[in-house]
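Residue-level listing of the chains:
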Amino acid sequence: MDRMASSMKQVPNPLPKVLSRRGVGAGIEAAERESFERTQTVSINKAINTQEVAVKEKHARTCILGTHHEKGAQTFWSVVNRLPLSSNAVLCWKFCHVFHKLLRDGHPNVLKDSLRYKNELSDMSRMWGHLSEGYGRLCSTYLRLLRTKMEYHTKNPRFPGNLQMSDRQLDEAGESDVNNFFQLTVEMFDYLECELNLFQTVFNSLDMSRSVSVTTAGQCRLAPLIQVILDCSHLYDYTVKLLFKLHSCLPADTLQGHRDRFMEQFTKLKDLFYRSSNLQYFKRLIQIPQLPENPPNFLRASALSEHISPVVVIPAEASSPDSEPVLEKDDLVDMDASQQNLFDNKFDDIFGSSFSSDPFNFNSQNGVNKEEKDHLIAQLYRDISELKARLENMKTESQRAVLQLKGRVSELEAELAEQQHLRQQAVDDSEFLRTELDELKKKREDTEKAQRSLTEIERRAQANEQRYSKLKEKYSELVQNHADLLRKNAEVTKQVSVARQAQADLEREKKELEDSFQRLSDQAQRKTQEQTEVLDSLKQELATSKQELQIVQGSLETSAQSEAKWAAQLEELEKERSGLVRAVARGEEEESALREQLEHAQRELSSTQESMCQLAKGQRKTLLVETRKAAEQVIQEALRQLEEPPLISCAGSADHLLSKVKSVSSCIEQLEQSWSQYLACPEEISELLRSVTLLAHLTSDTMAHVSTTCLRAPPEPADSLTEACKQFGKETLTYLAFLGEDGTLENDSTAMKSCLSKISAIGEELLPRGLDIKQEELGDLVDKEMAATSAAIETATARIEGTASPKEFYAKNSRWTEGLISASKAVGWGATVMVDAADLVVQGRGKFEELMVCSHEIAASTAQLVAASKVKADKDSPNLAQLQQASRGVNQATATVVASTISGKSQIQETDNMDFSSMTLTQIKRQEMDSQVRVLELENELQKERQKLGELRKKHYELAGVAEGWEEGGPL
């Protein structure tokens, strides 16, 4: 190099072409750009080809690095637009796989550059959706997923393509607004639903009875599921966290739909992860996580700490054998500056350092010949090639080092994430334990208060019970003492009676002795006076008598002593009796006091029982009054709706009205029985309440059916039916007004039954006349009527046949002619509209109902044309026969169109599976109310549309009458 430089310094003439560093650098950049585009084109064509094999990882990585190099996907789409994706399903499938990788790992501008092709992807998805076998359905589902992914990331730019976010970034995505979190959860559900659909569609297309994962065709279908598994793991994790956040802010009933949808997707995802982990193809490429056995319980806030984010691990040896180390997004190194420095140094080594001061001054140099210049240029090219090789080696080494560092960083990030998860889990556990501790403290305080209250109540009850027991024992003791005293009193009374009897005996003996002594004295005096001679004997006898008298006196003294003793005993007994009487008096006083306390307690108990009975009776009466008021409101609302025809639903039938009237009559009889039972036993009120509620709703339904029946009834019966229904409602309100009062209702239901009889009579009059004809007689009746009509037509035809020329005939029957022309125009117009509607349906912008309406309109117009022709044509006319044959063909064709339309509509429409097994009673009731509201709204809309249709038809008839001159005479 030094020798070459010295030789160049001796060249006197300047080079004919200036070699500058900038010019050489620009040439190198252009060559590198061309080489890059060529390499990208080759890699894209190798990755997306028609061979049914999995996309090679090295080609996909080259495509990804290309997007980071050019900071977009222009080259990718310029190559893809030249591929026949709409004609080859395998080519389209591999394109979807590569495009999915670019959206996940490519430059962020890939999404922006791809949005312009979103409609083309949708059209291609619909096109492949017409194929139900092979790759057609797979491509349609995959394209729908890619469109959903593009829309989701466009609407939520905070989410990167690979969906890797921290918890803080997830919170920032919702902007701390519960409405944003709610909407974000719904969008994630839709996103995950598309991922699961592709998952399930791929598995359904494979024959699992064979080892499809080891075949190239099976691997071609299974390879994109790696990207799906990566997306699903993040979406599941974010959905769980968002649902826990929503349950902390919103009621559980509001989020019932979210929980149901999550349960469905959880079951599918768990099954698909399990089935994927058993395939041999995935075992060496990806480590699929397993979801928990049971889904998270969002109703328990602490369950968030038990949630473990699923982590998908891709081993280092997971890349395909033909892969090679490449740079990732964050590992790209801008080599332009280093490359320029190396080129500058090499340029100085070749041309010398003097060019650094003035590279374009060649006056001091000697001229060189052409061979030397060519040799010099060749040498420069060789040096450039050598520098490129060294640059590639440096890139490779740097890539390897970066890959190693990136692996280490991933490990450290995983450890950090695990530590953060453990820390968050510990914080959540501590918070949960603190919350539970506070709740337990509150519960313990409440329990202690309740326990103290219960203890106080039990203590009072126990004290009252003890007091009552003591009073009862004291009362029993007093009763026993009183009985003992009564027995003692009886004994003492008996002893006193015996003593008194003995004293009476003594007094009687004393009196007898005194009488005897008096008699003896009298006898002695008489004997003394009369028998003085026998004085001695008398004295002797007197001495003897004195002796006897002494003995008697001794006996009397002894008796007196005994009487004194008995008197003393009697006095003691009287004292004892006085004490017993005082004790009995005290016992009676205590007994009366206890009796008063017992009577007071019994009065309080009776008063409490009476108040409880009055309270229960009042509650029953209040419940009955409230039920009656609710029933009256229902009936009044029905009467109000009866006065508002625009709110009435579609027309009803008289036979349905009669069945409702029978139900109301049965309900009235049941209500009377329930009222009688209630009067006999006020506790039996449940049946009465049910009967009142049932009567109100049946009355409301009857009024609604009266309104619907009046729509198709003649004016006079309709007015009579409406008045009878209003009277029935008023009588029902009068009947219900007496339910809150005491008494009977033996004659009050007569007016109601009378009104029901009127309604039944009017309803029977409104029944169709053909209902009393047997089924087998209907055909004969129709034939007879048709024969009579045909005979009348033939008679009219015979009267006007050969009477005038065709022109005169048409001129004379101008109104009929105009009607015939109008019917013909209606057939042509209907056919034109049907063709336009069919084109719109095929293009996906029309409605099946338009086809059906047009078909019916054509059939009706054709029938009108045939009927109009029959009026004036000869029955044997060949033209009439041809017209009738054509009419039958038109009817058959329109019937085929309607049947095909219904069949196509049923095949396109998807039916929802209404599973209410997991819903609670409250949720079912709420869904029932929402359905009733929706039914009323739809009925209202249907009524309005029918009224609109009636007005349109009325206007049509008016315009047709004006155009055809119907006002000039009678009907045709």
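The following paragraphs examine the structure supplied in this document. This is a predicted model, so every value here is computed, not measured.

Some thoughts on the overall build of the protein
Part 1 of the argument: When you go through the protein residue by residue, the secondary structure sums to 27 helices and zero strands.
Part 2 of the argument: Residue pairs in contact within the protein that sit at least 24 positions apart in sequence constitute 79% of those at least 6 positions apart.
Part 3 of the argument: As presented, the protein carries roughly 61,600 Å² of accessible surface, and 52% of it is formed by carbon and sulfur atoms.

Observations regarding the packing of helix H10 (residues 178-204) against helix H12 (residues 225-247)
Part 1 of the argument: The contact between H10 and H12 brings their axes to 9 Å, and the two run at 150°. Between H10 and H12, the angle falls in the class roughly antiparallel. When you trace H10 past H12, the crossing you get is left-handed.
Part 2 of the argument: Class assignment of the residues belonging to the contact of H10 with H12 gives a composition of 21 nonpolar, two polar and three charged.

A short note on the side chain of His 107
Part 1 of the argument: Following the sequence through the fold, His 107 ends up in the loop between helix H5 (89-105) and helix H6 (109-114).
Part 2 of the argument: Residues in contact with His 107, not counting those within four places in the same chain, are Thr 67, His 68, Lys 71 and Gly 72.

What to know about helix H18 (residues 654-680)
Part 1 of the argument: Between its first and last C-alpha, H18 extends 40 Å over 27 residues, near the 39 Å set by a 1.5 Å rise per residue.
Part 2 of the argument: Of the residues making up H18, those classed as buried are Ala 654, Leu 657, Leu 658, Lys 660, Val 661, Val 664, Cys 667, Ile 668, Leu 671, Ser 674, Trp 675 and Tyr 678.

Remarks on the packing of aromatic side chains
Part 1 of the argument: For the coordinates displayed, the defined rule picks out 20 aromatic pairs.
Part 2 of the argument: Summarising the aromatic geometry, the rings of Tyr 236 and Phe 262 are spaced 5.9 Å apart at their centres and angled 15° between planes, so their arrangement reads as stacked. Residue Tyr 236 is found in helix H12, and its partner Phe 262 is found in helix H13 (residues 256-277); the two are separated by 26 residues along the sequence. Accessibility assignment for this pair places Tyr 236 and Phe 262 in one class, buried.
Part 3 of the argument: Here Lys 245 stacks its cationic end above the ring of Phe 181, 5.5 Å away from the centre of that ring.

Here we look at the pattern of salt bridges
It is possible for side chains bearing opposite charge to pair when their charged atoms get close.
Part 1 of the argument: Taken as a whole and assessed by the stated rule, the structure comprises 21 salt bridges.
Part 2 of the argument: Residue Lys 155 pairs with Glu 187 through a salt bridge whose shortest N-O separation is 3.6 Å. Within this pair, whereas Lys 155 is found in helix H8 (residues 135-155), its partner Glu 187 is found in helix H10, the two being separated by 32 residues in sequence.
Part 3 of the argument: The class of Lys 155 is exposed, set by a relative accessible area of 55%.
Part 4 of the argument: For Asp 171, the salt bridge goes to Lys 245, with nearest N and O atoms at 3.3 Å. Note that Asp 171 is positioned in helix H9 (residues 167-174) and Lys 245 in helix H12, a separation of 74 residues in sequence.
Part 5 of the argument: Linked through salt bridges whose partners overlap, the residues forming this network are Arg 104, Lys 149 and Asp 231.

Describing a negative patch on the surface
Part 1 of the argument: A grouping of Glu 473, Glu 477, Glu 588, Glu 589 and Glu 590 is seen on the molecular surface, where their side chains present a negatively charged patch.
Part 2 of the argument: Those elements that place two or more of their residues in the negative patch are helix H16 (370-530) and helix H17 (535-642).
Part 3 of the argument: The leading source of residues in the negative patch is H17, at three residues.
Part 4 of the argument: Assignment of secondary structure puts Glu 473 in helix H16.
Part 5 of the argument: Its relative accessible area of 55% is what places Glu 473 among the exposed residues.

Some thoughts on the environment of Ser 869
Part 1 of the argument: Here Ser 869 lies in helix H25 (residues 848-872).
Part 2 of the argument: Setting aside chain neighbours within four positions, we find Ser 869 in contact with Trp 816, Leu 820, Leu 880 and Leu 883.

Some words on H12
Part 1 of the argument: Taking 1.5 Å as the rise per residue, H12 with 23 residues should run 33 Å; its terminal C-alpha atoms sit 32 Å apart, in good agreement.
Part 2 of the argument: For H12, the buried fraction is high: 22 of the 23 residues fall into the buried class.

Some details on the environment of Arg 147
Part 1 of the argument: As for its position among the elements, Arg 147 is in helix H8.
Part 2 of the argument: With a relative accessible area of 24%, Arg 147 lands in the partly exposed category.
Part 3 of the argument: Taking C-alpha positions, Arg 147 is 7.2 Å from Leu 121, a pair spaced 26 residues apart along the chain.
Part 4 of the argument: Setting aside residues up to four positions removed in sequence, Arg 147 forms contacts with Lys 118, Asn 119 and Ser 122.
Part 5 of the argument: Looking at Arg 147, its side chain comes within polar contact range of the side chain of Ser 122, at 2.3 Å.

Cut-offs applied
Residues numbered from 1 in each chain as written. Predicted model: local features only at pLDDT ≥ 70, side-chain atom pairs only at ≥ 80, totals over all residues. Heavy atoms only, no water. Helix = DSSP H or I, 4+ residues; strand = E, 2+ residues; numbered from the N terminus. Contact = heavy atoms within 4.5 Å. Areas by Shrake-Rupley, 256 points an atom, 1.4 Å probe, with all protein chains shown as cover. Axes fitted to C-alpha atoms, helices over the stretch in contact; angles between N-to-C directions. Parallel < 35°, antiparallel > 145°, perpendicular 65-115°, else oblique. Left-handed = near helix turned anticlockwise from the far one by under 90°. Nonpolar A, V, L, I, M, F, W, Y, C, P; charged D, E, K, R; others polar. Expected span 1.5 Å × (residues − 1). Buried < 20%, exposed > 50% of the residue type's maximum accessible area, 1.4 Å probe, protein only. Phe/Tyr/Trp six-rings, centres within 6.5 Å; stacked < 30°, edge-to-face > 60°. Lys NZ or Arg CZ within 6 Å of the ring centre and 35° of its normal. Salt bridge = Lys/Arg side-chain N within 4 Å of Asp/Glu carboxyl O. Patch = residues over 30% accessible without salt bridge, like charges linked within 9 Å, V, L, I, M, F, W, Y side chains within 5 Å. Lys, Arg positive; Asp, Glu negative; His and termini not counted. Charge placed at Lys NZ, Arg CZ, Asp CG, Glu CD. Polar contact = N/O pair within 3.5 Å; in protein donor to acceptor, adjacent residues only side chain to side chain.

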